Amino acid sequence: MDKVGGANNLTVALHNSIMETGLFSEGKVSSFTKYKNLAPSYKSQLDESSYVKFRVLDFIRNAEGVVFLSHHRKMTTYLLGIARLLKKEIKIVHIAHSALSSLKYVTLFPKHNIAVSKSVRDSLKNYFNVKDAIVIYNGVLPQEVNLNKVFDKEQIRVTLPASLNNGKQQVALTQFLRSKLTEQITIQFAGDGPDREKLEKAVSDDKQFRVLGHVDNMQKVYKSSDYVMLFSKIEGLPLSLIEAQSYGVPIICNDVGGNLEILKPNENGFFVDSMSELLECLNNLPNIEVSKYKEMRKQSLENYLQNFQYDKMVDSYVGVLHEVMQSVR
């Protein structure tokens with residue numbers, strides 16, 4: 001947790017919300033990172049007493065009466081494997097964030113599994129033969145929304161908020177789109193990661209692309225964005241698209257992971273299946289009627305309210321944990 005990411009953000013937010021319910025007398029967030037090396041945004045949400053550096057043997061020795069929420073399949077497999085060797089029973093709820101298709105025969109799953117999207121659930125069942133997995137959509141807190149945001153067709157800002165890496169394809173997108181975008185379009189990349197230097201080089205001297213780096217206050221970015229875009233190789237259920245909709249921002253994305261469980265094509269945004277289609281979509285944005293754009297903003301917000309509210313997500317997790325706790329006693 002030395003770096004900021006969607007699964008880590010969910011881990012910290014869920015911990016704080018679940019502890020507020022009083023369901024557990026004690027709870028801690030744990031990872032292999034020392035507290036002093038946590039990303040500043042996590043230290044601002046967790047005091048040192050709420051965090052412990054993970055040590056597998058310490059956990060298993062003290063596993064009685066403990067429910068462990070694991071957000072990574074390698075960690076889940078490791079814990080279950082060690083517990084079996086030591087003939088210890090541990091209670092784990094595994095949270096699957098991505099649809100995976102590797103290491104089938106060396107991956108272990110517990111009785112209780114949560115998938116963040118239907119597509120992730122289907123991969124657990126169809127590839128890993130996991131019989132029981134429930135879907136709990138990621139949720140975000142409601143925001144102040146201006147559905148009447150002025151839509152200036154001459155200055156359209158598209159934001160791609162994600163870690164800068166090969167899987168999110170920022171460098172490849174820039175190389176493909178550069179010199180082909182209509183002049184009204186500006187694309188900005190919010191996030192940091194291993195591809196930052198490559199991306200900055202790829203967009204150098206091109207005013208239609210901006211690299212913002214890590215942004216602490218994404219609220220301002222979403223409010224100023226006309227569209228939010230993702231074109232990833234792999235996803236689970238991207239929080240960035242849900243966050244965009246909580247601000248009433250229309251989205252543009254491809255069909256990976258649970259993207260099409262968030263996007264309703266031509267209602268709250270646009271579906272693109274290739275970089276060529278993405279280019280065509282972006283260059284057509286100035287032709288969208290203002291009335292159509294306002295309706296997409298309205299549909300984005302309504303979709304968020306119906307499916308991705310934070311309190312609904314927390315209630316669902318609490319229900320699963322309550323069931324697991326009953327089996328512990």
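For the structure, see preceding data.
Definitions and limits used
Within every chain, residues take consecutive numbers counted from 1 along the sequence as written. With the structure being a predicted model, the display of local features is reserved for residues of pLDDT at least 70 and the display and counting of side-chain atom pairs for 80 or more, all residues being used for whole-chain, interface and lining totals. Hydrogens are left out, water is left out, and the side-chain values use all remaining heavy atoms of the structure. A pair is scored as a salt bridge if a Lys or Arg side-chain nitrogen falls within 4 Å of a carboxyl oxygen belonging to Asp or Glu. Per the convention used, a helix needs a DSSP run of H or I reaching at least four residues, while a strand needs a run of E reaching at least two, with both numbered from the N terminus. Burial classification: accessible surface area is computed with a 1.4 Å probe over protein chains only, and a residue below 20% of its type maximum counts as buried, one above 50% as exposed, and the rest as partly exposed. To get an axis, fit a line to the C-alpha atoms, keeping to the stretch in contact for a helix; angles then go from 0 to 180 degrees between the N-to-C directions. For any helix crossing, the convention is left-handed if the near helix is rotated counterclockwise from the far helix by under a right angle, and right-handed if that rotation is clockwise. The contact criterion used is simple: two residues touch if any of their non-hydrogen atoms lie within 4.5 Å. Amino acids are sorted into nonpolar (Ala, Val, Leu, Ile, Met, Phe, Trp, Tyr, Cys and Pro), charged (Asp, Glu, Lys and Arg) and polar (every other residue, Gly among them). Distance and chemistry together define a polar contact, namely a pair of N or O atoms within 3.5 Å, with one atom able to donate a hydrogen and the other to accept it when in protein, and with adjacent residues in sequence counting only for side-chain atoms on both sides. Remark: nonpolar core denotes a set of buried residues (Ala, Val, Leu, Ile, Met, Phe, Trp, Tyr, Cys) joined through side-chain atoms within 4.5 Å.

## A short note on the pattern of salt bridges
- Considering all chains together, one arrives at 8 salt bridges under this definition.
- Its salt-bridge partner being D226, residue K149 comes within 2.7 Å of it at the nearest N-O pair. Residue K149 is located in the loop between β6 (134-135) and β7 (156-161), and its partner D226 is located in the loop between α8 (218-224) and β10 (227-230); the two are separated by 77 residues in the primary sequence. The two residues K149 and D226 agree in class, both being buried.
- Linking R196 and D192 is a salt bridge whose minimum nitrogen-to-oxygen distance equals 3.5 Å.
- A residue is classified by how much of its surface remains accessible, and R196, at 27% relative accessible area, is partly exposed.
- Three or more residues are tied together by salt bridges with common partners; here these are D192, R196 and E200.

## Quick notes on helix α9 (residues 239-246)
- In terms of residue burial, α9 counts as a mostly covered element, since 7 of its 8 residues are buried.
- Among all positions of α9, only L239, S240, L241, I242, A244, Q245 and S246 are buried.
- Positive backbone phi, at 75°, marks G248, one or two positions downstream of α9.

## Details of the packing of helix α6 (residues 170-177) against helix α11 (residues 275-284)
- The contact between α6 and α11 brings their axes to 11 Å, and the two run at 65°. In terms of crossing hand, the pair formed by α6 and α11 is right-handed. When α6 is examined against α11, the residues A172, L173, F176 and L177 are found in contact with a partner set consisting of M275, S276, L278, L279 and L282.
- For the contact of α6 with α11, the per-class residue count stands at 8 nonpolar, 1 polar and no charged.

## Let's talk about the environment of E277
- Inspection of the secondary structure puts E277 in helix α11.
- Ignoring any residue separated from it by four or fewer positions in sequence, one finds E277 in contact with F271 and V272.
- A polar contact of 2.8 Å, which involves the side chain of E277, links it to the backbone nitrogen of D273.

## Examining the nonpolar core
- Within the largest apolar cluster, 81 residues are counted, with the highest numbers of intra-cluster contacts made by V158, I187, Y227, I252, L278, L282 and L285.
- For this core, the element with the most residues is helix α13 (residues 310-328), which contributes 9 residues.
- Not counting the four nearest positions on each side in its chain, V158 is found in contact with I185, T186, I187, Q188, Y227, M229, L282 and L285.
- Listed in part, the 13 residues of the second largest apolar core include A63, L79, L80 and I92.

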